[in-house]
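If you want the building blocks of each chain, they are given just below.
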Amino acid sequence: MPKDHGIGAPIRRREDLRFLTGSGRYTDDINLPGQAHVHFLRSDVAHGRIKRLGTGAAAAMDGVIRIFTARDFENVGGLPCGWQITSRDGNPMAEPKHPILAEGKVRHVGEIIAAVIAETPEQARDAAEAIEVEIEELPAVIDMAAALGEGAPKVHDDLPSNLCFDWGLVEENREKVDEAIRNAPHVVTLELVNQRLAPNAMEPRVAIGDYDKATDEHTLYTTSQNPHVIRLLMGAFVLGIPEHKLRVVAPDVGGGFGSKIFHYAEEAFCTYAAKVVGRPVKWTSSRSEAFMSDAQGRDHVTKIELALDEEGHFLALRSETLANMGAYLSTFAPAVPTWLHGTLMAGTYRTPLIYVNVKAVFTNTVPVDAYRGAGRPEATFQLERVIDKAARELGMDPVEIRRRNFINPDQFPYETPVALVYDTGNYHATLEKLEELADLEGFEARRQESAARGKLRGLGINCYIEACGIAPSNLVGQLGARAGLYDSATVRVNPTGSITVHTGVHSHGQSHETTFPQVIAEMIGIPEDQIEIVHGDTANSPMGMGTYGSRSIAVGGSAMVRATEKIIAKAKKIAAHLLEASEGDIELKDGKFTVKGTDREVAWADVTLAAYVPHNYPLEELEPGLEETSFYDPANFTFPSGAYACEVEVDPETGKVEVCSFVAVDDFGNVINPMVVDGQVHGGLAQGIGQALLEQCVYDENGQLVTASYMDYAMPRADDLPSFTVDHSCQTPCTHNPLGVKGCGEAGAIGSPPTIVNAVIDALQRGGIEVDHIDMPLTPVRVWSAIRAAS
Amino acid sequence: MVEISMTVNGKPVTAQVEPRTLLVTFLREHLGLTGTHVGCDTSQCGACNVHVNGMLAKSCTMLAVEADGAEIVTIEGMAAPDGTLGVIQQAFQDHHGLQCGFCTPGMVMSAAALLRENPDPSEEEIRAFLEGNLCRCTGYHNIVKAVRAAAEAMG
Amino acid sequence: MYAFEFVKPKTVEEAVAALREGEAKVLAGGQTLIPTLKQRLAAPEKLVSLAGVEGLRGIRTGDGVVEIGAGTTHAVIARELAGAVPALAALAGDIGDPAVRNRGTIGGSLANNDPSADWPAAVLGLGATVVTDRREIAADDFFQGLFTTALEEDEIITAVRFPMPKTAAYAKFDQPASRFALVGVFVARLDGNVRVAVTGASENGVFRWQAAEAALGADFAPAAVEALAPPPAEEMISDLHGAGDYRAHLVKVMTKRAVAACG
């Protein structure tokens, strides 16, 4: 029987009740009295000089309140970048200004040129169309290698080139790695693309700015994963509004996947304009706008080389990547291809020598930033692809070559050559579990059955590791972060014993409202329904960094545990007073304080009431009340890992790939709610399979986004995917956070793309078609073309 | 402006609208029924699905004037008057068929339409029917499970 | 959307009269027109809804003919023709998604003549007759290139008349994003001849693949198609989802599969 309460119980979600009845409160559901609407006029060219903006006729149209251009933002800062990378030569990265409205030049399709505020959205759009725009089109740079070439057009005229930075990890190892690769018996090389993706949270972004003249207070309602971060960045760096006069509210948010971490121009615009026009200003993104204004993900071009000895032991690894930043630096863009990518190149293996080089490049495309997995999928993909290729070239079994190189369970803590210390893990255990669940033995029979139907069946294996809950703050500060990476919780015990938790993390699908109470319920022994989670409003939660990078339970949850421990310690003192016993003899279990070895007890709610009605209370030693706050700064990352297998069928006539089965075995450490964890893995797998087979952002040579709607950007649909087998019974609890948890939000998206591609290549190879690699997405036309080229 | 009348979740409504008003805009902005969502502008995501005269329809791909005289059911009309979840809604909760909740109203409306025309669908039929509902959170696994469970519960 | 006037006539004559006044467009199921209007890609002054026009809906079969009212939705056709003409029912049942099929109509689809739409393949593949308020147009004359038909500005399709085939099948390969036909091939065996119509593939819209018709006329089997060269790649659409050579190849593959499905 599974538990029905506390940590480990598959409790049904309380948030479902509002979502299933249409009673959720998403940002677009909010309408403020007197609200006006903004429509953004966006550039339809990728690169050009703005010669003239004629707003006169538009301003005179029905319902128009005001039109804004860059001139209105002369006293406003640009959008800040939250992470500074230092190049190999010691210089800081190039950091061009990222204006709210385009200043003089437009640098990507979709960049905001002007904004019209009107009474209705349609009137605002009517007027935006009437603005006379004269743009001198300039040659666009789209391809990264071309952007770095001699004489390439410059995205930013004031920079020496389109290079943002040239970063190495670990620079001291560079020559040793070169030498090891020169001298190795086998070197396997793979050049590959990790294509650009559009995050596509189903809820498009929305921002509503409001200003209260009487109190001089600004409020921004926005679709954000981290309202405190937005308040800090926008208040301090863009608009100059002090925090006590700025409130940021992120109510129910319809998915994020990274795209709602960043501070966007539209948020600053609405906040600023609301004061100027004296009315609330609302913007609701259309999906078409989202494709050209939400930060996109991935977009790496990589060459990876793996050196091996005769027995298939990894000797050295060299990875060289061009990472596309787009036209401007989005909030955390520089961290993604560097510290979130290069540090993961050891994978689950003992490779002794690794060197990673990343050159970040500006192009005339939408800015790129973190998207589910952020850097770790790119690392895993190249590593697990080159290992598969190595197995093939050395004639080894892909399972065996991985097992042979695993870090062994007795080697933890394990320091990798790329700056991480893995605290714990057992990669053999997850792989064994995978072999059992995926029935690898039965594959050959299934392959023959497929062959009888004219289909090529393949098996793909992948073992991933990721780093979650990025930390600790003092270290990431040295690495260039301009923010801390702690999180916070205020645990407020109410007089009659119920609890309200104010957390700095944010739930936009992750189920915190259900899972966080399970932790406290376990610690105190009261029912979950006595505990409420409050999040998403800077006015009622302590400063926290929000939700991304699978950090919520590992960092925010740990803060909540620490605060609850303080609560329990104080409550024990009160209980000791009430029971006239020594504090050391008090135990808390099942919502009761007892004196060790006696039947004397006092209920949780009697203690909490005493804290707020302190008539019989040790006032000389203890303050009344029962409310504690903790800020938790993790000692290290957490390191979820896992082993994945999938089987695919390729139709050799059309190139179409069907995913027949997918098994994911993950080690997430301790699990709070297995039902929720299953769901997180399912979603990650779908996004990863989407990347492997369907999704891509494509720009033409002029910088026009070809895949600008769901007509051309292929989202995974229900019938593109199989049912999944997921397992998280292999658990090596994290050693440095109080819950022993690791985080589960990104694993599926990290582990699945190489699994799928490995399976497709396996299918082709087994079918006698000599194809080494196909770049994602493995669309029918690409697979068919590869087959044709090989035969 | 044109006058339209329709029944929405059992209640008669009459209003003046511009002909270019979409049904979804009418529901959300005029009637305050914000459970119906807009997730795309190319008629593909299904977050806006409602029932029009008992048939599944995308309320973003229909004018409010086209619904003149129709009976409309939205997600707000799917639970019992006392708030008890309907069988499909309950199955979605029981099987964790939703995460962020944004696509959920459309999913529930589609699932209800499917089970009306096919009370005992296979997994494959469920996946095929949900072709017009995009979900970015769940990977559809638990949605399919929930619809299947609802079919069984409805017997 | 730009503002427009909305009229809902009760008869075909009223509808035609309404179309003659000002910049007007017919609104059938709206599953293409409304997204077009939302994107502001069209700016009609008036929409003439056919929803209230009598006699445009329903399916009549008999005398070797299936006549489908232009206002009949894909969903109704998928349901009601499953027994009589399974190829048409299957084609209708795979258009868009269930919500689109509940509102989209055969007449609307034909009048729009999207190069990736499914109905043009069936109409051309069966050599159907498009019936309008004023005349009957043979399928071979109706389709005149991308989004272009023989219809006059104020002409309204009232029905489509299909001859009952001996056997027929439609094989469609989906464009992965939109799920429109990347290539769709409708193959029909009629009295005395075989017709093969291809949608999704050509720069010029739906077309008959005459080489395949001749080969299949002599030997109605997938092997007869196998021996053919695919249609010229340079006449096929080239885009992100497939260059001309891929589409040309798929025309052949889907033709074979349609023939095989004819049994």
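How each quantity is defined
- Residues numbered from 1 in each chain as written.
- Chains lettered and ligands numbered in written order.
- Predicted model: local features only at pLDDT ≥ 70, side-chain atom pairs only at ≥ 80, totals over all residues.
- Heavy atoms only, no water.
- Helix = DSSP H or I, 4+ residues; strand = E, 2+ residues; numbered from the N terminus.
- Buried < 20%, exposed > 50% of the residue type's maximum accessible area, 1.4 Å probe, protein only.
- Rg over C-alpha atoms; globule rule 2.2 N^0.38 Å.
- Contact = heavy atoms within 4.5 Å.
- Areas by Shrake-Rupley, 256 points an atom, 1.4 Å probe, with all protein chains shown as cover.
- Lys, Arg positive; Asp, Glu negative; His and termini not counted.
- Charge placed at Lys NZ, Arg CZ, Asp CG, Glu CD.
- Buried area = accessible area lost by both parts, 1.4 Å probe.
- Salt bridge = Lys/Arg side-chain N within 4 Å of Asp/Glu carboxyl O.
- Patch = residues over 30% accessible without salt bridge, like charges linked within 9 Å, V, L, I, M, F, W, Y side chains within 5 Å.
- Domains from an automatic or database assignment.
- Pairing = 2+ DSSP bridges.
- Axes fitted to C-alpha atoms, helices over the stretch in contact; angles between N-to-C directions.
- Parallel < 35°, antiparallel > 145°, perpendicular 65-115°, else oblique.
- Nonpolar A, V, L, I, M, F, W, Y, C, P; charged D, E, K, R; others polar.
- 1 Å grid on protein atoms, 1.4 Å probe; cavity = no way out; pocket = protein on both sides within 12 Å on 5 of 7 lines; lining within 4 Å.
- Points joined across faces, edges and corners; volume = space filled by probe spheres on them.
- Polar contact = N/O pair within 3.5 Å; in protein donor to acceptor, adjacent residues only side chain to side chain.
- Arc of directions from axis to C-beta.
- Core = buried A, V, L, I, M, F, W, Y, C linked by side-chain atoms within 4.5 Å.

1. A short note on the overall build of chain B
Phase 1 of the analysis: Helix and strand counts for chain B come out as 5 helices and 5 strands.
Phase 2 of the analysis: When the helices and strands of chain B are placed in sequence order, the string is β-β-α-β-β-β-α-α-α-α.
Phase 3 of the analysis: Once the C-alpha set of chain B is aligned to its principal axes, its extents read approximately 45 × 35 × 25 Å.
Phase 4 of the analysis: Counting over 155 residues, chain B shows a buried share of 66%.

2. Some thoughts on the overall build of chain C
Phase 1 of the analysis: From N to C terminus, chain C includes 11 helices and 12 strands.
Phase 2 of the analysis: Its C-alpha radius of gyration of 18 Å places chain C within 12% of the 18 Å reference for a compact globule of 263 residues.
Phase 3 of the analysis: Its C-alpha atoms put chain C at 55 × 45 × 30 Å along the principal axes.
Phase 4 of the analysis: Residues classed as buried in chain C amount to 60% of the 263 residues present.
Phase 5 of the analysis: Look at the contacts in chain C between residues 6 or more apart in sequence, and 58% of them connect residues 24 or more apart.
Phase 6 of the analysis: Summing over all exposed atoms, chain C offers an accessible surface of approximately 9800 Å²; the carbon and sulfur share of this is 49%.
Phase 7 of the analysis: Within chain C, the 32 negative side-chain charges are centred at a point lying 5 Å from the centre of the 25 positive side-chain charges.

3. A closer look at the interface of chain B and chain A
Phase 1 of the analysis: Taken residue by residue, the interface counts 45 residues in chain B and 54 residues in chain A.
Phase 2 of the analysis: For the chain B and chain A pair, buried surface summed over both sides reaches about 4200 Å², with 55% attributable to carbon and sulfur atoms.
Phase 3 of the analysis: In terms of surface lost to chain A, no three residues of chain B exceed Gln93, His96 and Arg136 of chain B, which account for 20% of the buried area on that side.
Phase 4 of the analysis: A salt bridge links arginine 20 of chain B to glutamate 122 of chain A; its shortest N-O distance comes to 3.8 Å.
Phase 5 of the analysis: Here the element with the most residues in the side of chain B that touches chain A is helix α2 (residues 87-94) of chain B; it accounts for 5 residues.

4. Description of a negative patch on the surface
Phase 1 of the analysis: Together, Glu5, Glu23, Glu45 and Glu153 of chain C make up a region of like negative charge exposed at the surface.
Phase 2 of the analysis: Mapped onto the elements of the fold, glutamate 45 of chain C is located in the loop between α2 (33-38) and β3 (46-49).

5. Examining the domain arrangement of chain C
Phase 1 of the analysis: Per the domain assignment, the segments of chain C are domain 1 (5-49), domain 2 (59-163) and domain 3 (167-262).
Phase 2 of the analysis: Centre-to-centre, using C-alpha coordinates, domain 1 of chain C lies 34 Å away from domain 3 of chain C.

6. Describing the sheet that holds strand β5 (residues 112-118) of chain A
Adjacent strands of a sheet pair through backbone hydrogen bonds, lying either parallel or antiparallel.
All names here are of chain A.
Phase 1 of the analysis: Taken together, 7 strands build an open sheet; the order of strands is β3-β5-β1-β12-β9-β10-β11 and the sheet is mixed. Each edge of the sheet is formed by a strand with only one pairing partner; in this case those strands are β3 (64-68) and β11 (246-249). Direction aside, neighbouring strands of the sheet carry axes that sit 20° apart on average.
Phase 2 of the analysis: Of the strand pairs in this sheet, β3 and β5 are connected by 4 bridges, and their pairing is antiparallel. Paired with isoleucine 67 across the bridge in β5 is valine 116.
Phase 3 of the analysis: Against the sheet, helix α3 (residues 121-130) engages β1 (36-42), β3 and β5, with an angle of about 30° to β1.
Phase 4 of the analysis: In this fold helix α7 (residues 265-277) packs onto β1, β3, β5, β9 (206-212), β10 (217-222), β11 and β12 (281-284), with an angle of close to 30° to the strand it touches most, β9.

7. Some thoughts on the pattern of salt bridges
Here the idea is simple: oppositely charged side chains can pair when their charged atoms come close.
Phase 1 of the analysis: Summed over all chains, the structure comprises 89 salt bridges over all chains.
Phase 2 of the analysis: In this structure, glutamate 152 of chain B engages arginine 148 of chain B in a salt bridge whose closest nitrogen and oxygen atoms are separated by 3.2 Å. Of this pair, glutamate 152 of chain B and arginine 148 of chain B both sit in helix α5 (residues 141-154), 4 residues apart, which is roughly one turn of that helix.
Phase 3 of the analysis: Judged by relative accessible area, which is 23%, arginine 148 of chain B ranks as partly exposed.
Phase 4 of the analysis: With a shortest N-O distance of 3.0 Å, arginine 195 of chain C and aspartate 140 of chain C are connected by a salt bridge. Separated by 55 residues along the polypeptide, arginine 195 of chain C in strand β11 (residues 193-199) and aspartate 140 of chain C in helix α8 (residues 139-142) bring together distant segments of the chain.

8. Describing the packing of helix α15 (residues 552-579) of chain A against helix α16 (residues 604-612) of chain A
Residues and elements named next belong to chain A.
Phase 1 of the analysis: One can describe the packing of α15 onto α16 by two numbers: an axis separation of 9 Å at closest approach and a directional angle of 90°. Taken together, the axes of α15 and α16 are roughly perpendicular relative to one another. Contacts from Ile567, Ala571, Ile574, Ala575 and Leu578 in α15 reach Trp604, Asp606, Val607, Ala610 and Ala611 in α16.
Phase 2 of the analysis: A class-by-class count of the residues in the contact of α15 with α16 yields 9 nonpolar, no polar and 1 charged.

9. A word on empty space enclosed by the protein
All names here are of chain A.
Phase 1 of the analysis: Tallying each qualifying case throughout the model produces 11 cavities of 30 Å³ or more.
Phase 2 of the analysis: By volume, the second largest cavity amounts to about 250 Å³.
Phase 3 of the analysis: Looking at the lining of the second largest cavity, the elements with two or more residues in it are α7 and α8 (287-293).
Phase 4 of the analysis: Split into classes, the residues belonging to the lining of the second largest cavity amount to 14 nonpolar, 7 polar and 3 charged.
Phase 5 of the analysis: Split by domain, the residues of the lining of the second largest cavity number at least three in each of domain 1 (31-138 + 202-255 + 260-293) and domain 2 (297-470 + 636-790).

10. Thoughts on the side chain of asparagine 113 of chain C
Phase 1 of the analysis: Examined against the element boundaries, asparagine 113 of chain C turns out to sit in the loop between α6 (106-112) and α7 (119-125).
Phase 2 of the analysis: Among all residues touching asparagine 113 of chain C, those that are not within four sequence positions of it are Pro120, Phe143, Gln144, Gly145, Leu146, Phe147, Thr148 and Thr149 of chain C.

11. Topic: the interface of chain B and chain C
Phase 1 of the analysis: Taken residue by residue, the interface counts 22 residues in chain B and 25 residues in chain C.
Phase 2 of the analysis: Surface buried jointly by chain B and chain C totals about 2200 Å² across both partners, of which 56% is contributed by carbon and sulfur atoms.
Phase 3 of the analysis: Inspection of the region where chain B meets chain C yields 3 salt bridges.
Phase 4 of the analysis: We note a salt bridge from aspartate 97 of chain C to lysine 58 of chain B, for which the minimum N-O separation is 2.7 Å.
Phase 5 of the analysis: Inspection of the chain B/chain C interface yields 8 residue pairs in polar contact (both at pLDDT 80 or more).

12. So, the domain arrangement of chain B
Residues and elements named next belong to chain B.
Phase 1 of the analysis: Domain assignment breaks chain B into domain 1 (2-76) and domain 2 (87-154).
Phase 2 of the analysis: A separation of 21 Å is found between the C-alpha centroids of domain 1 and domain 2.
Phase 3 of the analysis: Facing 17 residues of domain 1, the contacting portion of domain 2 comprises 15 residues.
Phase 4 of the analysis: For the pairing of domain 1 and domain 2, the buried interface totals around 1200 Å² over both sides, and the portion due to carbon and sulfur atoms is 61%.
Phase 5 of the analysis: Considering only the surface of domain 1 that becomes buried against domain 2, His37, His51 and Ile75 emerge as the three largest contributors, covering 40% of it.
Phase 6 of the analysis: Summed over the shared surface of domain 1 and domain 2, the result is 0 salt bridges.
Phase 7 of the analysis: Counting every contact that joins domain 1 to domain 2 gives 8 residue pairs in polar contact (both at pLDDT 80 or more).
Phase 8 of the analysis: Taken together, the residues that form the side of domain 1 that touches domain 2 break down as 7 nonpolar, 9 polar and 1 charged.

13. Some thoughts on helix α1 (residues 12-19) of chain C
Residue and element names in this part refer to chain C.
Phase 1 of the analysis: For α1, every residue scored as buried is listed here: Val12, Ala15, Val16, Ala18 and Leu19. Taken end-on, α1 shows its buried residues confined to a sector of 160°, consistent with a single buried face.
Phase 2 of the analysis: Buried-residue contacts for α1 involve β1 (5-7), β2 (24-27), β3 and β8 (157-163).

14. Digging into the sheet that holds strand β6 (residues 129-132) of chain C
Residues and elements named next belong to chain C.
Phase 1 of the analysis: Within the open sheet, the 5 strands sit side by side as β4-β5-β8-β6-β7. Their pairing is antiparallel. Of all strands in the sheet, those bounded by a partner on one side alone are β4 (59-62) and β7 (136-138). Between one strand axis and the next, the sheet turns through 20° on average, direction left out of account.
Phase 2 of the analysis: Alignment of β6 against β8, held across 4 bridges, turns out to be antiparallel. Paired with valine 131 across the strands is alanine 159, a residue of β8.

15. Some details on the nonpolar core
Phase 1 of the analysis: Judged by nonpolar contacts, the single largest core of 194 residues is most densely connected at Trp83 and Tyr422 of chain A together with Phe92 of chain B.
Phase 2 of the analysis: Those residues in contact with tyrosine 422 of chain A, other than ones at most four positions away along the chain, are Ala346, Gly347, Ile407, Phe412, Pro413, Tyr414, Thr416, Tyr427, Ile465 and Phe639 of chain A.
Phase 3 of the analysis: Counting residues in each nonpolar core, the second largest holds 44 residues, with Val491, Val505, Ile533 and Ala576 of chain A among its members.

16. Details of α16 of chain A
Because an α-helix packs 3.6 residues into every turn, residues spaced three or four apart end up facing the same way.
Residues and elements named next belong to chain A.
Phase 1 of the analysis: Every buried residue belonging to α16 is among Trp604, Val607, Thr608, Ala610 and Ala611, and all of these are buried. Seen end-on, α16 carries its buried residues on one side only, within an arc spanning 155°.
Phase 2 of the analysis: Residues of α16 that are buried sit in contact with β19 (487-493), β20 (499-503), α14 (512-524), α15, β23 (592-595) and β24 (601-603).

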